[in-house]
Amino acid sequence: MKEIEVWDMMHGNNTEKKSLCQCLDEMGFDRESYMVVRRNDPDLKIGDSYDNQGKLQENKYSTFHIQTSSDVRFSVIANGSQEIIQGNMSDFDAIDRKMDTISHLQNNGNAVTGMVGSNNGVYAAMADHGDEIIITKDPEIAAQLESQLHFKDGLGVPLSNGGKLLDSNRQREWETVEFRCKQAAVARSRGTKEPPKQLKSPFRDAFGQINKNYAALRDNQLQGR
């Protein structure tokens, strides 16, 4: 699927909008192999130390801020240019700003479809202005998002520097993700796990031919992407 088709599909342009989770479902990934964090969720609070009573304490620098904001400052480099992003914002807003800036700096009409990131064996991904970020320990998920959805590298990764989630339900969910990812790795090493499926473009028929109306609308972009 060409990059412009992915962007339109995930933004609901000329077709029904498809979420990142729906794409992973179609690829055949187990829902328990990744954690989903949505824009309307509470903050993903992470702790890495305990008080005198043995209670896990939040590390605000590790927490993924969703409903609250924090001071952020980072640089975005693309196409040989650099721009500084700073301000008080949620982590979702910061990611949006980063993708918008990359698209702007590329200066060629190529909007970013999404981003992936990895750190210490943990992977994260989010579609451009998506409503959810996924966190996993399965490298195959990140690889497929890069190859099939053209996601770019450079996303920050929650839960990748140790610590535990203060929400016990969320912590159990994350432990299940870790277990499922280990199972998937073993199955792949034994050759007993089916490879991921290829996503089908909503703008093409069963033979891969592009819809004529869509082709006319996106003619220039479809030529080189």
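Preceding this paragraph is the structure being described.
What you see is a predicted model; the values in this text were computed from it and never measured. (Residues numbered from 1 in each chain as written. Predicted model: local features only at pLDDT ≥ 70, side-chain atom pairs only at ≥ 80, totals over all residues. Heavy atoms only, no water.)

### A few points about the pattern of salt bridges
Link 1 in the chain: Enumeration according to the criterion identifies 14 salt bridges in this entry.
Link 2 in the chain: Note that arginine 204 and glutamate 5 form a salt bridge whose closest N and O atoms lie 2.8 Å from each other. One end of the pair, arginine 204, is in the loop between α5 (168-190) and α6 (212-217); the other, glutamate 5, is in helix α1 (residues 3-11), and 199 residues separate them in sequence.
Link 3 in the chain: You can call glutamate 5 buried: its relative accessible area is 0%.
Link 4 in the chain: Here arginine 188 makes a salt bridge to aspartate 138, at a shortest N to O gap of 2.9 Å. Placement of the pair is arginine 188 in helix α5 and aspartate 138 in the loop between β8 (132-136) and α4 (139-149), with a sequence separation of 50 residues.
Link 5 in the chain: Among the ionic contacts, a cluster of salt bridges with common partners joins Arg39, Asp96 and Asp131. (Salt bridge = Lys/Arg side-chain N within 4 Å of Asp/Glu carboxyl O. Helix = DSSP H or I, 4+ residues; strand = E, 2+ residues; numbered from the N terminus. Buried < 20%, exposed > 50% of the residue type's maximum accessible area, 1.4 Å probe, protein only.)

### Regarding the packing of aromatic side chains
Link 1 in the chain: Tallying each qualifying case throughout the model produces two aromatic pairs.
Link 2 in the chain: Relative to phenylalanine 92, the ring of phenylalanine 64 lies with its centre 5.5 Å away and its plane at 75 degrees, an arrangement referred to as edge-to-face. Separated by 28 residues along the polypeptide, phenylalanine 64 in the loop between β3 (56-58) and β4 (70-78) and phenylalanine 92 in helix α3 (residues 91-106) bring together distant segments of the chain. Both residues of the pair, phenylalanine 64 and phenylalanine 92, count as buried.
Link 3 in the chain: Where phenylalanine 203 meets tyrosine 214, the ring centres are 3.8 Å apart and the plane angle is 10 degrees; that geometry is what we call stacked. Highlighted residues: phenylalanine 203 in the loop between α5 and α6 and tyrosine 214 in helix α6, separated in sequence by 11 residues. Tyrosine 214 carries the same exposure label as phenylalanine 203, and that label is buried. (Phe/Tyr/Trp six-rings, centres within 6.5 Å; stacked < 30°, edge-to-face > 60°.)

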